[in-house]
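# Summary of structural features
In case you want the letters, here they are:
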Amino acid sequence: MKLLHRVLAVALLAGLSVPTFADKPEASSSPLLPHQFAGWQLSGPGKPSSDPAVADPVNATVLKEYGFNDFESATYTRDDGRKLMLKAIRFADASGAYGAFTFYKSPPMLVEKIGDQGASLNERVLFYRGNMLVDAVFQQLSAMSAAELRELSDNLPVDRGNTQTLPGLPRYLPKDSYVKNSAKYILGPATLDKINAPIAAEFVDFPAGAEVVLGDYTSSGGGATLELIAYPTPQIAAEHLRRIDAARQSTVQSASSPANLPANLYDKRSGPIVVVASGALSPEEARSLLAAVNYDANVTWNENTYLSKRDNMGNLLINVIYLCAIIIGFALVAGLAFGGLRVFFRRIFLERLLGVEDDVRFIALHLGEAKNPPSAGASSSAKTI
């Protein structure tokens, strides 16, 4: 009997555990691309994958640094025979999608209003929305291609909440002399090495919490690059700026120095941001470019301030004034009512209506007359008037 009980117990536990694993969805089970949109029909099943090497064999490490989650590619067709090839990559948050978008876009691309931001070159359209990046290649463009991709953007499974927050560092890039579509947002050393940044990853120190944005600029002598490196605190930024300056001095003193820094380099610190300008820049242009970057701290107060009508101090003061006015008005009405009733009963009700004279009297003691004692026979009682 004991053996039978043990067998039944094991079978019951196994039966309870099977639905738990069967009902647990995989991270990449939900499709990234719809079956149809704007007249485009899915041609064959999509090809999902959670391997960044499948999405981009050359830049798999770059995708990992941006927070790669999963990937899907698919081919769409229309009734007229045209084809559209789509690749969709889902990242952990919007910062990763935005960074990958800046990595893949190039200056010759045109700006497109698709998703959160888009760019196009010939038949290729690149855009991101939330934490999703989409690369579309048309067999043949039409006047409605952009509108069709906007409809696709609305159908993407975008995550909601804090994952939609974009990085604030790119907004510090100056606008004057900026080369369009040249900004690159970087979160790791592999990406920094891919774009040949002036400051190498060994000086940036990504494990310290750094993030980088680069932009190209035009100058009188040719081209220039501005690199912004943001750290968690100003103290960390100051320490890394000292390292860069020490390495630059070492490079100037010895041509065989291991520090690989440009010879024409200018830098400064603004709050937690280290600003580095390099390229064909004159000292005046470098100073002007560096001076255009100024850190501005934004303080966000997320505690409830209780500014409702009930908790507003202004409303409280107004209500106190109303209460005082009501009390004063009540006192005036009560005083007038009390005095008016006395006049009514004495003068109108008694004298006029009833013909009775008012016999209200008061007693006078005449204390001043106490010095002269009253004569014999006079009453010692108080005189009544």
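Structure: see above.
Heads up: these notes are all about the structure in this document. Keep in mind that this is a model prediction, so the values were computed, not measured. (Residues numbered from 1 in each chain as written. Predicted model: local features only at pLDDT ≥ 70, side-chain atom pairs only at ≥ 80, totals over all residues. Heavy atoms only, no water.)

## Overview of the overall build of the protein
This is how it is decided: Counting from the N terminus, the helices are the DSSP runs of H or I reaching at least four residues and the strands are the DSSP runs of E reaching at least two. Summary of the burial criterion: residues with accessible area below 20% of their type's maximum are buried, those above 50% are exposed, and those between are partly exposed, where the area comes from a 1.4 Å probe applied to protein chains only. For this analysis, residues touch if any pair of their heavy atoms sits within 4.5 Å. Using a 1.4 Å probe, accessible areas were evaluated by the Shrake-Rupley method; residue-level cover was limited to the displayed protein chains.
For the protein, the count of helices and strands is ten helices and 14 strands. Residues classed as buried in the protein amount to 34% of the 385 residues present. A separation of at least 24 residues holds for 60% of the contacts in the protein among residues at least 6 apart in sequence. Of the roughly 23900 Å² of accessible surface on the protein, 59% is carried by carbon and sulfur atoms.

## So, the sheet that holds strand β12 (residues 222-230)
Formally: Any two strands with at least two DSSP bridges between them are considered paired. For helices, the fitted line uses only the C-alpha atoms of the stretch in contact; every axis is such a line through C-alpha atoms, and the angle between N-to-C directions lies from 0 to 180 degrees.
Read from one edge to the other, the open sheet built from five strands follows the order β10-β11-β12-β14-β13, with strand pairing classed as antiparallel. In this open sheet, the two strands that pair with only one neighbour each are β10 (184-186) and β13 (265-270). Sheet twist, expressed as the average angle between the axes of neighbouring strands with direction ignored, equals 20°. Bridge analysis of β10 against strand β11 (residues 211-219) gives three bridges, and the strand direction is antiparallel. Bridge pairing links Ile186 to Val212 in β11. Contacts from helix α9 (residues 283-291) reach β11, β12, β13 and β14 (273-279), with the element oriented near 25° to β13.

## Focus on the side chain of Ser182
Worth spelling out the cut-off: Whenever a nitrogen or oxygen atom comes within 3.5 Å of another N or O atom, the pair is scored as a polar contact, on the condition that within protein one atom can donate a hydrogen and the other can accept it, and that pairs from neighbouring residues in sequence are kept only if both atoms are in side chains.
Within the fold, Ser182 resides in the loop between α5 (145-154) and β10. Ser182 gets classed as buried once you look at its relative accessible area, which sits at 5%. One polar contact links the side chain of Ser182 to the main-chain carbonyl oxygen of Val179, over a distance of 2.5 Å. Apart from the residues within four sequence positions on either side, Ser182 is in contact with Leu214, Gly215 and Asp216.

## Brief notes about α5
To keep things clear, this is the line we draw: To obtain the arc, one takes the directions from the helix axis to the C-beta atoms.
Within α5, the full set of buried residues consists of Ser145, Glu148, Leu149, Leu152 and Ser153. The buried residues of α5 occupy an angular sector of 145° when the element is viewed end-on, so they sit on one face. Where α5 is buried, its residues meet β1 (36-37), β2 (40-42), β5 (83-91), β8 (124-129) and β9 (132-138).

## Focus: helix α4 (residues 94-104)
Summarising burial for α4: eleven of the eleven residues are buried, a large majority. Between a side-chain oxygen at the N-terminus of α4 and the backbone nitrogen of Ser95 the separation is 3.3 Å; the capping residue is Asp93.

## Quick notes on a nonpolar patch on the surface
We count it as follows: Here, patches come from residues exposed beyond 30% relative accessible area and free of salt bridges, joined within 9 Å for like charges and within 5 Å for nonpolar side chains (Val, Leu, Ile, Met, Phe, Trp, Tyr). Here, a salt bridge means any Lys or Arg side-chain nitrogen found within 4 Å of an Asp or Glu carboxyl oxygen.
Residues Met313, Leu316, Leu317 and Val320 make up a contiguous nonpolar surface patch of about 380 Å² in total accessible area. In this structure Val320 comes out as partly exposed when scored by relative accessible area, which is 41%.

## Focus: the nonpolar core
Nonpolar side chains tend to gather and get buried jointly when the protein is soluble and globular. Note the following rule: In this description, a nonpolar core means a group of buried Ala, Val, Leu, Ile, Met, Phe, Trp, Tyr and Cys residues linked to one another through side-chain atoms lying within 4.5 Å.
Residues Leu192, Ile199 and Val204 are the most contacted members of the largest nonpolar core, which totals 42 residues. Tallying contributions element by element places α4 first for this core, with six residues. Ignoring sequence-local partners within four residues, the contact set of Leu192 consists of Ile186, Ala197, Ile199, Ala200, Ala201, Val204, Phe206, Val212, Leu214 and Glu227. Of all hydrophobic cores here, the second largest spans 20 residues; its members include Ala136, Phe138, Leu149 and Leu152.

## Some thoughts on the packing of aromatic side chains
Selection criterion: Each Phe, Tyr or Trp ring, with Trp reduced to its six-membered ring, pairs with another whose centre is within 6.5 Å; inter-plane angles below 30 degrees give stacked pairs, above 60 give edge-to-face pairs, and intermediate values give tilted ones. Only when the NZ of Lys or the CZ of Arg is both within 6 Å of the ring centre and within 35 degrees of the ring normal is a charge said to sit over the ring.
One pass over the structure, following the stated rule, counts eight aromatic pairs. Seen from the ring of Trp40, Arg78 lies directly overhead, with NZ or CZ sitting 5.2 Å from the centre.

## Observations concerning the environment of Arg124
Assignment of secondary structure puts Arg124 in strand β8. Measuring from C-alpha to C-alpha, the distance between Arg124 and Gln139 comes to 9.3 Å, with 15 residues separating the pair along the chain. Discounting chain neighbours no more than four positions away, the residues touching Arg124 are Tyr104, Met109, Ala119, Asp135, Ala136 and Val137.

## With respect to the pattern of salt bridges
Counting across every chain of the model gives nine salt bridges. A salt bridge links Arg82 to Asp80, with the shortest nitrogen-to-oxygen separation between them at 2.9 Å. Taking relative accessible area as the criterion, Arg82 reaches 13% and is therefore assigned buried. For Asp135, the salt bridge goes to Arg124, with nearest N and O atoms at 3.0 Å. Here the residue Asp135 occupies a position in strand β9, and Arg124 occupies one in strand β8, the gap between them amounting to eleven residues. Here the residues in one salt-bridge network are Glu239, Arg242 and Arg243, joined through shared partners.

## Some details on the pairing of β13
Sheet analysis places β13 next to β14, joined by six bridges and oriented antiparallel. What sits directly across from Lys268, in β14, is Val275.

## Looking at the pairing of strand β7 (residues 117-121)
When a strand is regular, its side chains alternate between the sheet's two faces. Both strand β6 (residues 110-112) and β7 contribute to a ladder of three bridges, which runs antiparallel. Note on β7: the bridge partner recorded for Val111 is Ala119. Between β6 and β7, which pair antiparallel in sequence order, lie four residues; one of them, Gly115, sits at a positive phi of approximately 65°. With five bridges joining them, β7 and β8 adopt antiparallel strand pairing. Across the sheet, the residue bridging to Gly118 is Phe127, located in β8. The antiparallel pairing of β7 with β8 creates a hairpin that spans two residues between the two strands, and Asn122 there sits at a positive phi of about 60°.

## Brief notes about unusual backbone geometry
With a phi close to 60°, Asn181 is a non-glycine residue in the positive phi region. With respect to the helices and strands, Asn181 occurs in the loop between α5 and β10. Judged by its relative accessible area of 7%, Asn181 is buried. Residues other than glycine seldom take positive phi values, yet Asp205 does so here, at roughly 65°. Examined against the element boundaries, Asp205 turns out to sit in the loop between α7 (201-204) and β11.

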